[in-house]
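What follows is the residue order along each chain.
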Amino acid sequence: MGCGSSIGAVRTLSKEAKDKAEELFTMIDEDGNGSITRDEANKFFKSFAKVNAKAMFDEVDDDGNGSVTKAEFMAFWAQVRTAGYTNKQIMEEIELLSEGGDWVNWKDGKDVQIDAKTEFAKPKSDGGDKKKEEEKEPAKEAAKSDEVKEDASKAV
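The structure displayed is predicted, hence computed values, not measured ones. (Residues numbered from 1 in each chain as written. Predicted model: local features only at pLDDT ≥ 70, side-chain atom pairs only at ≥ 80, totals over all residues. Heavy atoms only, no water.)

Draft legend 1. Up close: the environment of Val-51. You can see Val-51 is positioned in helix 3 (residues 49-60). Its relative accessible area of 33% is what places Val-51 among the partly exposed residues. As a C-alpha pair, Val-51 and Asp-102 span 51 residues in sequence and 9.0 Å in three-dimensional space. (Helix = DSSP H or I, 4+ residues; strand = E, 2+ residues; numbered from the N terminus. Buried < 20%, exposed > 50% of the residue type's maximum accessible area, 1.4 Å probe, protein only.)

Draft legend 2. How the structure looks around the environment of Ala-55. Relative to the elements of secondary structure, Ala-55 occurs in helix 3. A relative accessible area of 13% places Ala-55 in the buried class. Considering only alpha carbons, one finds Ala-55 and Val-104, 49 residues apart in sequence, at a separation of 7.6 Å.

Below you can see the structure in the form of structure tokens.
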């Protein structure tokens with residue numbers, strides 16, 4: 001039974017994928033201090049630098065402190081693997097990134113959305129923004145109703 005069965009198998013990064021991810025981290029970490037700043041990310045990406053850097057930080061900078069540590073970077077790639085991507089897919093993407101390619105939004109369970117105004121990825125809100133808008137709706141309706149009444153009284 002256990003021969004070749006993948007039921008219950010844990011998806012982990014292969015040594016090769018880990019090595020590639022570490023190489024990419026080192027390439028982006030220009031000053032070699034063990035963390036990637038937004039400035040370093042902006043310099044690394046060749047096209048749409050700010051968009052790519054923001055997308056990367058939205059997915060990888062878990063504590064939101066404005067820098068990506070090696071631990072955060074490696075944990076991100078491990079999460080991508082756990083989400084079902086193969087080591088081969090991950091290594092291919094890392095290779096493209098190493099050559100100046102664009103950051104992609106992985107379907108890895110991270111709760112990231114696209115901001116329609118800027119086309120940047122950002123963490124999804126807890127619904128508070130929608131709640132605030134819903135709270136404004138009755139006030140908007142009341143204001144419209146008052147305007148209609150005022151217009152009607154002018155017409156008489």
